[in-house]
Amino acid sequence: MGRKVAYWASTGIITALMCFAAFSYLSGDPKAVEGFAKVGYPQQLRIILGIAKPLGVIALLLPGLLKLKEWAYAGFTFAWICAFVAHFSAGQKSEAIFPLVLLVLLGVSYVMRPANRTWRAA
C-alpha cells in the first residue's frame, strides 16, 4: 500500500507541475520567456518542451504504453539534468535546486511503480 501511495503521490506532483510548465511555456508567460533567455536557451526550445512535457505526462499516466513510459522517464531525466546544468552555469544556484528535487520525485515514481507499469526488455 505504501509503494502505491508513494508512486501516485510522486507521479501526481510531477505530472501536475509538468502540465503547469507546459502551459506557461506555450502561452508565452513572460517569466518562462525570461527564464530561457537568462540561461541562454533559444525560445524554440521552450516551445519544444511545451509540447513534449504533456506528451510525457500522458505516457506516464495512461495504462499500458510500457516502452513509451521508459522514454518519458528518460526524457524528463535528460531535461532536468540540462535544466540543472543551465541554471548552475548561469549562476542561478537557488534555481538549480528545483530540477534536482524533480529528479528525486521522478526517481521515487520510477522505483515505486507497479509491476503492470514496468517494461521488461526481452
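In this convention, every chain numbers its residues from 1, walking through the sequence in written order. Confidence filtering applies because this is a predicted model: local features only for residues at pLDDT of at least 70, side-chain atom pairs given and counted only at 80 or more, and all residues used for totals across whole chains, interfaces and linings. Only heavy atoms go into the side-chain values, all of them from the structure, while hydrogens and water stay out.

Participant: Hey, could you run me through the nonpolar core in this one?
Facilitator: Soluble globular proteins tend to pack their nonpolar side chains together in the buried interior. Here, nonpolar core means buried Ala, Val, Leu, Ile, Met, Phe, Trp, Tyr and Cys residues that are tied together by side-chain atoms lying within 4.5 Å of each other. Throughout this description, buried means an accessible area under 20% of the type-specific maximum (1.4 Å probe, protein chains only), exposed means over 50%, and partly exposed covers the range between. Y7, I14, M18, V57, A59, L60, A72, Y73, F76, W80, L102 and L106 together form the largest nonpolar core, which totals 12 residues. Taken together, the elements giving at least two residues each to this core come down to α1 (2-26), α3 (43-61), α4 (66-89) and α5 (93-112). Working definition: helices are DSSP H or I runs of at least four residues, strands are E runs of at least two. Numbering for both runs from the N terminus. Element by element, the count of residues in this core is highest for α4, at four residues. Contacts are residue-level and defined by heavy atoms, with any inter-residue pair within 4.5 Å sufficient. Apart from the residues lying within four places of it in its own chain, the contact partners of I14 are W80, L102, L105, L106 and S109. Among the nonpolar cores identified, the runner-up in size contains five residues, and A21, A32, F36 and L49 belong to it.

Participant: In this structure, what is going on with the pattern of salt bridges? I would like to understand it.
Facilitator: For this analysis, a salt bridge means a side-chain nitrogen from Lys or Arg found within 4 Å of a carboxyl oxygen belonging to Asp or Glu. What the rule picks out here adds up to two salt bridges. The salt bridge partner of E34 is K38, with a shortest N-O separation of 3.2 Å. Taken together, the positions of E34 and K38, both in helix α2 (residues 30-39) and four residues apart, correspond to about one turn of that helix. Under the relative-accessibility criterion, E34 is labelled partly exposed at 42%. Where E70 meets R113, a salt bridge forms, and the shortest distance between an N and an O atom there is 2.8 Å. One end of the pair, E70, is in helix α4; the other, R113, is in the segment after α5, and 43 residues separate them in sequence. As far as burial versus exposure is concerned, E70 and R113 are alike and both buried.

Participant: What is the right way to read a nonpolar patch on the surface from this model?
Facilitator: Taken together, the side chains of L26, I47, I51, L55, I58, L62, L65, L68 and W71 present a nonpolar region at the surface, about 870 Å² in accessible area. Put simply, the parts of the chain that give the nonpolar patch at least two residues each are α3 and α4. Ranked by the residues each element gives to the nonpolar patch, the list is headed by α3, at four residues. Taking the relative accessible area as the measure of exposure, I58 reaches 45% and is therefore partly exposed. Like charges are joined within 9 Å and nonpolar side chains (Val, Leu, Ile, Met, Phe, Trp, Tyr) within 5 Å, but only among residues with over 30% relative accessible area and no salt bridge; these make up the patches. The Shrake-Rupley method, run with a 1.4 Å probe sphere, supplies the accessible areas, and residue values consider only the shown protein chains as cover.

Participant: I tried to follow the packing of α2 against α3 on my own but got confused; where do I start?
Facilitator: Geometrically, a packed helix pair is captured by the angle between its two axes and the distance between the axes. In contact at an axis separation of 9 Å, α2 and α3 are set at 125° when each is read in the N-to-C sense. The pairing of α2 with α3 is recorded here as oblique in orientation. Relative to α3, α2 is oriented so that their crossing is right-handed. Mapping the contact onto sequence places A32, V33, F36 and A37 in α2 and Q43, L45, R46 and L49 in α3. Tallied by class, the residues present in the contact of α2 with α3 amount to six nonpolar, one polar and one charged. Each axis is a line fitted through C-alpha atoms, taken for helices only over the stretch in contact, and angles between the N-to-C directions span 0 to 180 degrees. The cut-offs work like this: below 35 degrees is roughly parallel, past 145 is roughly antiparallel, 65 to 115 is roughly perpendicular, and the gaps in between are oblique. In a left-handed crossing the near helix is turned counterclockwise from the far helix by less than a right angle, and in a right-handed crossing that turn is clockwise. Under the scheme applied here, ten amino acids are nonpolar (Ala, Val, Leu, Ile, Met, Phe, Trp, Tyr, Cys and Pro), four are charged (Asp, Glu, Lys and Arg), and all others, including Gly, are polar.

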